[in-house]
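Results of the structural survey
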Amino acid sequence: MKSFLLLALFLMERMSVTVEGQRPESPISPIDEVNLNVLELTDSVDAIREDLRSFKKEILYKVESKCGDGTVGQQPVCVTRIGPLSGSRDDQPSEVSCLADEVMTGCSSYMPGAAHGTRDGERMRFTDDGQATCVAYNGAGGTGVRPYARCCKWQDMVCYYPEGNPSASNDDAISKSVCDHWFYGNPTLPTGCLVYTPWQCIDGARPASDFAQDMTSEQRPLTERACLGQNGGCRSVTSTAACCSAPNLECQVKYSEPSDRRESDQARVTCDRGWTLTGCNVFTYWKNTDGAFIADDDVCIAVGNSVVWAVATCCRSILPE
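Residues numbered from 1 in each chain as written. Predicted model: local features only at pLDDT ≥ 70, side-chain atom pairs only at ≥ 80, totals over all residues. Heavy atoms only, no water.

Side note on the environment of N138
Looking at the secondary structure, you find N138 in strand β6 (residues 132–138). Through-space distance from the C-alpha of N138 to that of E122 is 9.3 Å; in sequence the pair is 16 residues apart. Engagement of the side chain of N138 in a polar contact is seen with the backbone oxygen of S88, the distance being 3.1 Å. A distance of 3.1 Å separates the side chain of N138 from the backbone oxygen of R89, its partner in a polar contact. (Helix = DSSP H or I, 4+ residues; strand = E, 2+ residues; numbered from the N terminus. Polar contact = N/O pair within 3.5 Å; in protein donor to acceptor, adjacent residues only side chain to side chain.)

Below is the structure:
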């Protein structure tokens, strides 16, 4: 406050000085001039805040985790953190975060019970200090949904979470979120995928990779550094990618065998030996999915009321000997 008063007095003194024989050009009083300067400063601050909001929306914060002491050869450790069951109102959320020394590599949601296909999906939210939070949303007629965050301690891993454009409204339309950043000379890869819509029509989400209904269950390389959220036939869906980098990071995708058509039937898949499960999704061509979650810290489970596939994102860092 004292500094502000001194500034005001200084400006008043400067504005009171006139050239001999001339009247001041401006009829504005010194106090009004100070008020105008304050208003201009306020407008500038508001503009900067708006720029920051736009920047935050574009890259949705970078969440950085430097795990351990950087000793070469440290193996990643990942756990699944589970949020509470949301309420049953439309759009009611539930959220979960990782610990301060963990980085979030994936976020999924699951709706237990018989209200099949009434899940709105999941998206990322961020605290003021940039911590990522996995948020699951209940849909109209739903009985509550739970968020599942995949949280890892991974040497020198850095992640950010770009959101794709909304998909078109036709069935099977795609929303793509792309991992196009590099950190410390390493490319970012999709370690987990999210998809959200207010209208429940979710076929699922998955990293970009080759897929066909008759494929056998084996790990497959990424075809693009991106996540694909698929519309089940409503106004739109929006995908988000967990884009992470680490030295010598490699990620692949593994699909389960298809589930049966029985109600609430499950599809399960695990990563190959030597790979770490970083993300888990459900995928189908017939919507009505109940979601996906990770059990026992290494099993990706997808649930639906039609044929579904569990989609595991499997990663590893090839560390120097």
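Digging into the confidence of the model for the protein chain
In regions of low pLDDT, the predicted coordinates are not meant to be interpreted in detail. Looking at the protein chain as a whole, the pLDDT averages 83, with 74% of positions reaching at least 70. Under a pLDDT of 50 for its full length, residues 1–24 has, in the predicted model, eleven contacts with residues more than four places off or in other chains. Ignoring residues within four places in sequence, the model shows residues 52–72, a span with pLDDT below 50, making 51 contacts including any to other chains. (pLDDT = per-residue confidence, 0-100. Contact = heavy atoms within 4.5 Å.)

Some words on the state of the cysteines
With the rule as written, the count across this model stands at ten disulfides. Residue pairing for C179: its cysteine sulfur links by disulfide to C243, the two sulfurs lying 2.0 Å apart. Measuring the twist about the S-S bond at about -75°, one finds the C179-C243 disulfide to be left-handed. On the criterion of sequence distance, the pair formed by C179 in the loop between β9 (174–178) and β10 (182–183) and C243 in strand β15 (residues 238–245) is long-range, its members being 64 residues apart. (Disulfide = S-S within 2.5 Å.)

Considerations on the pairing of β15
Burial analysis of β15 places eight of its eight residues in the buried class, which makes it a mostly covered element. Side chains T238, T240, A242 and C244 project from β15 onto one buried face, and the interleaved S239, A241, C243 and S245 project onto a second face that is buried too. Pairing geometry for strand β8 (residues 158–160) and β15, over three bridges, is antiparallel. Within the sheet, the bridge partner assigned to V158 lies in β15 and is S245. Of the pairings in the sheet, the one linking strand β12 (residues 189–196) to β15 comprises seven bridges and is antiparallel in character. If you follow P190 over to β15, its bridge partner there is C243. (Buried < 20%, exposed > 50% of the residue type's maximum accessible area, 1.4 Å probe, protein only. Pairing = 2+ DSSP bridges.)

Quick word on the side chain of S245
Within the secondary structure, S245 is located in strand β15. Filtering out sequence-adjacent residues up to four positions away, S245 remains in contact with D156, M157, V158, F183, N186, P187 and T188.

Overview of the packing of aromatic side chains
For the structure shown, the criterion picks out 13 aromatic pairs. Relative to F183, the ring of Y160 lies with its centre 5.9 Å away and its plane at 85°, an arrangement referred to as edge-to-face. Residue Y160 is located in strand β8, and its partner F183 is located in strand β10; the two are separated by 23 residues in the primary sequence. The burial state of Y160 is the same as that of F183; both residues are buried. (Phe/Tyr/Trp six-rings, centres within 6.5 Å; stacked < 30°, edge-to-face > 60°.)

Digging into the pattern of salt bridges
Counting across every chain of the model gives ten salt bridges. A salt bridge links K254 to D272; the shortest N-O distance between them is 2.9 Å. Here the residue K254 occupies a position in strand β16 (residues 249–255), and D272 occupies one in the loop between β17 (265–269) and β18 (276–283), the gap between them amounting to 18 residues. By relative accessible area, which is 11% here, K254 ends up buried. Taking relative accessible area as the criterion, D272 reaches 33% and is therefore assigned partly exposed. (Salt bridge = Lys/Arg side-chain N within 4 Å of Asp/Glu carboxyl O.)

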